[in-house]
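Take a look at the letters that make up each chain.
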Amino acid sequence: MSNDTSTARRSVATPSRADAGQATSHPPDPKRWLALTVIAIAQLMVVLDATIVNIAMPSAQEALNISQADRQWIVTAYTLAFGGLLLLGGRIADFAGRKRMLLIGLAGFALASALGGVAQNAGMLFAARALQGVFGALLAPAALSLITVTFTEVKERAKAFGVFGAISGGGAAIGLILGGLLTQYLDWRWCLLVNIPVAAIAIFLAIPIVRESKAEGDTKYDIPGAVLSTAGLVTLVYGFTKAAEDGWTSGVTLSLFALSAVLLIAFVVVEVRSSHPLLPMRVVLQRNRGGSYLTSVTLGAGMMGMFLFMTYYFQGTLQYSPLKSGVAYLPFSAGIILTAGLGSAILPKVGPRVMMTVGALLATGGMLWLTQLKADSSYPKLILPALVIMAVGMACCFVPLGNTALSGVSNHDAGVASAMINTSQQVGGSLGVAVLNTVFTTAVANYIVDNGGPTDINKAMGAIHGYNVAFTVSAVLLAVSAVITFVMIRRDKNATAAPGGAVHIG
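Residues numbered from 1 in each chain as written. Predicted model: local features only at pLDDT ≥ 70, side-chain atom pairs only at ≥ 80, totals over all residues. Heavy atoms only, no water.

Asks: Before we move on, can you summarise the nonpolar core with the specific residues and values?
Replies: One finds Met-306, Met-310, Phe-314 and Phe-332 to be the most contacted residues of the largest nonpolar core, which totals 81 residues. The greatest single-element share of this core, amounting to 12 residues, is contributed by helix 15 (residues 379–404). Once residues within four sequence positions are removed from consideration, Phe-332 is found in contact with Met-303, Met-306, Phe-307, Leu-387, Met-390, Ala-391 and Met-394. Within the second largest apolar cluster, 33 residues are counted, among which are Ala-42, Ala-142, Ile-147 and Phe-151. (Core = buried A, V, L, I, M, F, W, Y, C linked by side-chain atoms within 4.5 Å. Buried < 20%, exposed > 50% of the residue type's maximum accessible area, 1.4 Å probe, protein only. Helix = DSSP H or I, 4+ residues; strand = E, 2+ residues; numbered from the N terminus. Contact = heavy atoms within 4.5 Å.)

Here you go:
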């Protein structure tokens, strides 16, 4: 489940000084609740897209003859573009106009969805998904910022973020069902094309209802930083893809890994020297914040791999219909939402370190449970308990992340620190899907060779073996999350609760 699915996550918006000044100089927007409806529709489109596409992946792969090694680009093309450009998109929205970027984001997302819906080959679909990510990186921060500047009264803002959070959590569950319905009774292409009418409605309503707002200040953008970080991550993921095709020690694979390292090191150098860095190093070097972002990366990597392979297990091995596959995920979504509500009340009593460490260990246990998968595993006896345990664990991790990721941050850096939660999980999901798909492909190939060749039985059993190996690696990633939180996260008595948040499933 992409992230944009992906990605269960907690997003926090904090007004800048410029926003605060603007808020006090204007009376409350009389159309603010109508504006929230428009913003909610835009957010619903992004959330639906993540879960809908996840359910449609097996059908899209078969229709376009996408290889096992390349199928992960259906997810990572979007998440890399979205995560890599999210920080830049937030700055552009602040200074070029949040309403303007909302409209451009909606129109561009619809156009990219149309291209994906009529894709004739794998390359066209991957390009369309990447374009969705680009416009999503404009759309998402613009929508979140508009809530902050539109609702200036504390209680109203809390209600508005509550609606935003409900859309984010509930919309993902709706996407699972809608993706199944569209794929099963129409065609997988409608899982992308459905974004067009949703975006059109949001644009039609936004033009007369949403009020424009801009932040004051220097409008310089760190374009080199955005290019280097995105290029470095894309090269890294492509390296994992080539590892699945050519082997880990091939010249092409090693060259791609080396180039990725050079690009990412260059990104850090640029950020240190830039007067307007995309990611100020002071934001990530503080202990709690750095630990939060690292945890978000490893959690995103472990969780996204689970969704990728469980979807193929449901539809390929158990022969579930797309609709039944979507329904099978609902206990996970429900577990996230219910635990997040309870976790918010428990957090002040136990603190983030305990809650996140226990949560990561629970998620690890759920993932290890899934390594017992067989060709005829029982959903109620094996799969359902694992999904519920993972949901509880993930929610226990993500509920405190909003506060620990903002621990001790200044007002000037609050927007960047907030956006980094989403960025780190999207990047983690992208890398996780790439690594785990390579692990799966390699494990399947080795199993077939070791057992006498590519017979139908060996292919089927090889896939089960590949799933279990991939889930084992996912469990290791989640266990690393537990270690990171235990070692790095500390209770910050000076930190205040985040002003608003939303739990996202997907």
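Asks: With reference to specific residues and values, describe the side chain of Asn-458.
Replies: Tracing the chain through its elements places Asn-458 in helix 17 (residues 456–488). With a relative accessible area of 10%, Asn-458 lands in the buried category. Discounting residues that sit within four places of it in the chain, Asn-458 has contacts with Tyr-447, Ile-448, Asn-451, Gly-452 and Gly-453.

Asks: Outline helix 10 (residues 251–273), listing residues and values.
Replies: Each turn of an α-helix holds 3.6 residues, which means side chains three or four residues apart point in the same direction. Compared with an ideal rise of 1.5 Å per residue, which puts 23 residues at 33 Å, helix 10 spans 33 Å between its outermost C-alpha atoms and is within 8% of the ideal. Every buried residue belonging to helix 10 is among Thr-253, Leu-256, Phe-257, Ser-260, Leu-263, Phe-267 and Glu-271, and all of these are buried. Against helix 9 (223–246) and helix 11 (281–285) lie the buried residues of helix 10. (Expected span 1.5 Å × (residues − 1).)

Asks: Mind laying out the state of the cysteines, listing which residues take part and the relevant values?
Replies: In the structure shown here, the tally under the stated rule is 0 disulfides. The thiol of Cys-397 is not disulfide-bonded; the next cysteine sulfur, from Cys-396, is found 7.0 Å away. For Cys-397, a relative accessible area of 0% puts it in the buried group. (Disulfide = S-S within 2.5 Å.)

Asks: Before we move on, could you go through the environment of Ser-145 and cite the residues and values that matter?
Replies: The topology assignment puts Ser-145 in helix 5 (residues 122–150). Since its relative accessible area comes to 19%, Ser-145 is described here as buried. Measuring from C-alpha to C-alpha, the distance between Ser-145 and Lys-99 comes to 9.7 Å, with 46 residues separating the pair along the chain. Setting aside residues up to four positions removed in sequence, Ser-145 forms contacts with Asp-94 and Arg-98.

Asks: I'd like a description of the environment of Arg-71, backed by residues and values.
Replies: Take Arg-71: it is sitting in the loop between helix 2 (32–63) and helix 3 (73–96). Take Arg-71: its relative accessible area is 1%, and that puts it in the buried class. Taking the C-alpha atoms as reference points, Arg-71 and Met-57, separated by 14 residues in sequence, lie 8.1 Å from one another. If sequence neighbours within four positions are ignored, Arg-71 has contacts with Met-57, Gln-61, Ile-66, Phe-309, Tyr-312, Asn-437 and Phe-440. Within the local environment of Arg-71, its side chain forms a polar contact with the side chain of Asn-437, the two groups lying 3.0 Å apart. (Polar contact = N/O pair within 3.5 Å; in protein donor to acceptor, adjacent residues only side chain to side chain.)

Asks: Which residues make up the packing of aromatic side chains, and what values go with them?
Replies: Overall, the coordinates contain 14 aromatic pairs when judged by the stated rule. Here the aromatic rings of Phe-307 and Phe-332 are separated by 5.0 Å at their centres, their planes lie at 90°, and the arrangement is edge-to-face. Taken as a pair, Phe-307 in helix 12 (residues 287–317) and Phe-332 in helix 13 (residues 322–350) lie far apart in primary sequence, 25 residues in all. Aromatic ring contacts, followed pair by pair, group Phe-307, Phe-309, Tyr-313, Phe-314, Tyr-320, Tyr-329, Phe-332, Tyr-379, Phe-440, Tyr-467 and Phe-471 into a single cluster. The side chain of Lys-324 reaches across the aromatic face of Tyr-320, ending 4.3 Å from its centre. (Phe/Tyr/Trp six-rings, centres within 6.5 Å; stacked < 30°, edge-to-face > 60°. Lys NZ or Arg CZ within 6 Å of the ring centre and 35° of its normal.)

Asks: Could you give an account of the packing of helix 14 (residues 352–370) against helix 17, with specific residues and numbers?
Replies: Relative orientation of the contacting elements helix 14 and helix 17 amounts to 170°, with a least axis distance of 8 Å. The angle between helix 14 and helix 17 falls in the class roughly antiparallel. Seen from helix 14, the contacting residues are Arg-353, Met-356, Thr-357, Ala-360, Leu-361, Ala-363, Thr-364, Met-367, Leu-368 and Leu-370; seen from helix 17, they are Asn-468, Phe-471, Ser-474, Ala-475, Leu-478, Ala-479, Ser-481, Ala-482, Thr-485 and Phe-486. Tallied by class, the residues present in the contact of helix 14 with helix 17 amount to 13 nonpolar, 6 polar and 1 charged. (Axes fitted to C-alpha atoms, helices over the stretch in contact; angles between N-to-C directions. Parallel < 35°, antiparallel > 145°, perpendicular 65-115°, else oblique. Nonpolar A, V, L, I, M, F, W, Y, C, P; charged D, E, K, R; others polar.)

Asks: Give a description of the packing of helix 4 (residues 98–117) against helix 5 that names residues and reports values.
Replies: Here helix 4 crosses helix 5 at 155°, and the two axes come no closer than 8 Å. In terms of their interaxial angle, helix 4 and helix 5 are classed as roughly antiparallel. Two packed elements cross with a definite hand, and for helix 4 against helix 5 that hand is left-handed. Along the lines of polarity and charge, the residues of the contact of helix 4 with helix 5 split into 18 nonpolar, 7 polar and 2 charged. (Left-handed = near helix turned anticlockwise from the far one by under 90°.)

Asks: How would you summarise helix 8 (residues 195–209) if you had to cite specific residues and measurements?
Replies: Helix length check: helix 8, at 15 residues, gives a terminal C-alpha distance of 21 Å against a target of 21 Å (1.5 Å per residue), a fit within 8%. Listing the buried residues of helix 8 in full gives Asn-195, Ala-199, Ala-202, Ala-206 and Ile-209. Looking straight down helix 8, one finds that the buried residues subtend no more than 110° of arc, so they occupy a single side. Structurally, helix 8 contributes buried residues whose contacts are with helix 2, helix 4, helix 5 and helix 7 (190–193). (Arc of directions from axis to C-beta.)

Asks: Residues and numbers for the side chain of Thr-230, please.
Replies: Tracing the sequence through the fold places Thr-230 in helix 9. Only 2.9 Å separates the side chain of Thr-230 from the backbone oxygen of Ala-226, close enough to count as a polar contact. Setting aside residues up to four positions removed in sequence, Thr-230 forms contacts with Gly-84 and Leu-85.

Asks: I'd like a description of unusual backbone geometry, backed by residues and values.
Replies: The phi angle at Asn-65 is positive, at roughly 55°, despite the residue not being glycine. Mapped onto the elements of the fold, Asn-65 is located in the loop between helix 2 and helix 3. For Gln-319, which is not glycine, the phi torsion reads 60° and is therefore positive.

Asks: So, a nonpolar patch on the surface: which residues are in play, and what are the values?
Replies: Taken together, the side chains of Leu-342, Ile-346, Val-350, Val-354, Val-358 and Leu-362 present a nonpolar region at the surface, about 480 Å² in accessible area. Mapped by element, the contributors of at least two residues to the nonpolar patch are helix 13 and helix 14. Take Val-358: it is sitting in helix 14. Assessed through its relative accessible area of 43%, Val-358 is described here as partly exposed. (Patch = residues over 30% accessible without salt bridge, like charges linked within 9 Å, V, L, I, M, F, W, Y side chains within 5 Å. Areas by Shrake-Rupley, 256 points an atom, 1.4 Å probe, with all protein chains shown as cover. Salt bridge = Lys/Arg side-chain N within 4 Å of Asp/Glu carboxyl O.)

Asks: Summarise the confidence of the model for the chain; cite the residues concerned and give the values.
Replies: When pLDDT is averaged along the chain, the result is 81, and 86% of the positions lie at 70 or above. Ignoring residues within four places in sequence, the model shows residues 1–25, a span with pLDDT below 50, making 111 contacts including any to other chains. Note on residues 494–506: pLDDT is under 50 here. Beyond four places in sequence and across chains, it has 58 contacts. (pLDDT = per-residue confidence, 0-100.)

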